[in-house]
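Read off the chains here:
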Amino acid sequence: MRRPCRVRPMEPCEAAYVGAMIDAEGSFLIGKQRCGSPAYRVTVANTEVEILSAMLRATGTGRIALHPPSPGSFGRKTCFVWGAAAYNDVVEIARQVVRWSTKAQRFLEVTT
C-alpha cells in the first residue's frame, strides 16, 4: 500500500526552480527493489547545501544526505544530495514541474 503524497502545492516560481534544478543537476530514476517491484526516485546533487534546502522547502518532502569525497579522490568537494523516493511524491513533483523540466516530461511519459 502506498502512503499519501506529502508534496506541497508549489507556486509557479518554486516549481520552475525545482524543475530547472532537476534538469541541471538531478534526475528521475526508475529501478527495482530487492523484491522485484519498481522503485522510483528523484534526486538533485550539489556542493552547496542551501540550494538543496530550497528544494526541500519548495517541495515539502524528501531529505538531504551528505556524500563526502571518496578516499583517494584529489580535489573533489563534499557533495549533498536531496532526494524523494515515495512513488506518490515523485510523480507529484514531476506533475508540478513538467512545464519547466524535460526530465519530468520524459519520466511522466514512461510512468503514466
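Calculation notes
- All residue numbers refer to position in the chain's written sequence, counted from 1.
- With pLDDT at 70 or above as the cut-off, local features in this predicted model cover only qualifying residues; side-chain atom pairs require 80 or more to be listed or tallied, and sums for whole chains, interfaces and linings still use all residues.
- Side-chain numbers here rest on the full set of heavy atoms in the structure, without hydrogens or water.
- Labels follow the DSSP assignment, with helices taken as runs of H or I lasting at least four residues and strands as runs of E lasting at least two, numbered in each case from the N terminus.
- Throughout this description, buried means an accessible area under 20% of the type-specific maximum (1.4 Å probe, protein chains only), exposed means over 50%, and partly exposed covers the range between.
- This arc is taken over the directions from the axis of the helix to the C-beta atoms.
- Throughout, a contact is declared for two residues whenever any of their heavy atoms are within 4.5 Å.
- Here a polar contact is taken to be a pair of N or O atoms separated by no more than 3.5 Å, where protein atoms must pair a possible hydrogen donor with a possible acceptor and residues adjacent in sequence count only if both atoms sit in side chains.
- Every angle, taken between N-to-C directions, lies between 0 and 180 degrees, and every axis is a line fitted to C-alpha atoms, over only the stretch in contact when it is a helix.
- Comment on the angle field: the value is read as roughly parallel under 35 degrees, roughly antiparallel over 145, roughly perpendicular from 65 to 115, and oblique elsewhere.
- Helix crossings fall into two classes, left-handed where the near helix is turned counterclockwise from the far one by less than a right angle and right-handed where it is turned clockwise.
- A pair of aromatic rings is counted whenever rings of Phe, Tyr or Trp (Trp by its six-membered ring) have centres within 6.5 Å, and the orientation is called stacked for planes under 30 degrees apart, edge-to-face for over 60 and tilted otherwise.

K.L.:
How do you make sense of the environment of Ala86 when you look at a structure like this?
P.N.:
With respect to the helices, strands and loops of the structure, Ala86 is situated in the loop between strand S4 (79–84) and helix H3 (87–97). Given a relative accessible area of 19%, Ala86 falls into the buried group. Between the C-alpha atom of Ala86 and that of Arg76, which follows or precedes it by 10 residues, the distance is 30 Å.

K.L.:
Just to check I follow, could you spell out helix H4 (residues 102–111) for this structure?
P.N.:
An α-helical turn contains 3.6 residues, so a residue and the one three or four places further along point in the same direction. Ala104, Phe107, Leu108 and Thr111 are the residues of H4 that are buried. Buried residues of H4, viewed axially, fall in a sector of 95°; they line one side. Residues Glu109 and Val110 are exposed on H4 and point more than 90 degrees away from its buried face. Those residues of H4 that are buried lie in contact with strand S1 (26–32), strand S2 (38–46) and H3. If you check the start of H4, you find a side-chain oxygen 3.4 Å away from the backbone N of Lys103, and it comes from Ser101.

K.L.:
Would you take a moment to explain the packing of helix H1 (residues 12–25) against helix H2 (residues 49–59) for this structure?
P.N.:
The description of two packed helices rests on the angle between their axes and on the distance between the axes. One way to put it is that H1 packs onto H2 with a least axis distance of 10 Å and a crossing angle of 130°. Taken together, the axes of H1 and H2 are oblique relative to one another. By crossing handedness, the relation of H1 to H2 is classed as left-handed. Residues Glu14, Tyr17, Val18, Met21 and Ile22 of H1 form the contact with H2, whose participating residues are Ile51, Ala54, Met55, Ala58 and Thr59.

K.L.:
What is the right way to read the packing of aromatic side chains from this model?
P.N.:
Two aromatic rings, taken as a pair, are described by how far apart their centres are and by the angle between their planes. Enumeration over the complete set of coordinates arrives at 3 aromatic pairs. Here the aromatic residues Phe28, Tyr40, Tyr87 and Phe107 are joined through ring pairs into a cluster of three or more.

K.L.:
What exactly am I supposed to notice about the environment of Asn46 here?
P.N.:
Along the polypeptide, Asn46 turns up in strand S2. Its relative accessible area of 13% is what places Asn46 among the buried residues. In this structure the C-alpha to C-alpha distance between Asn46 and Gly83, which are 37 residues apart in sequence, comes to 12 Å. If sequence neighbours within four positions are ignored, Asn46 has contacts with Met21, Glu25, Ile51, Leu52, Cys79 and Phe80. From its side chain, Asn46 meets the backbone nitrogen of Glu48 in a polar contact 2.9 Å long.

Treat this as a map of the structure, not an account of what it does.
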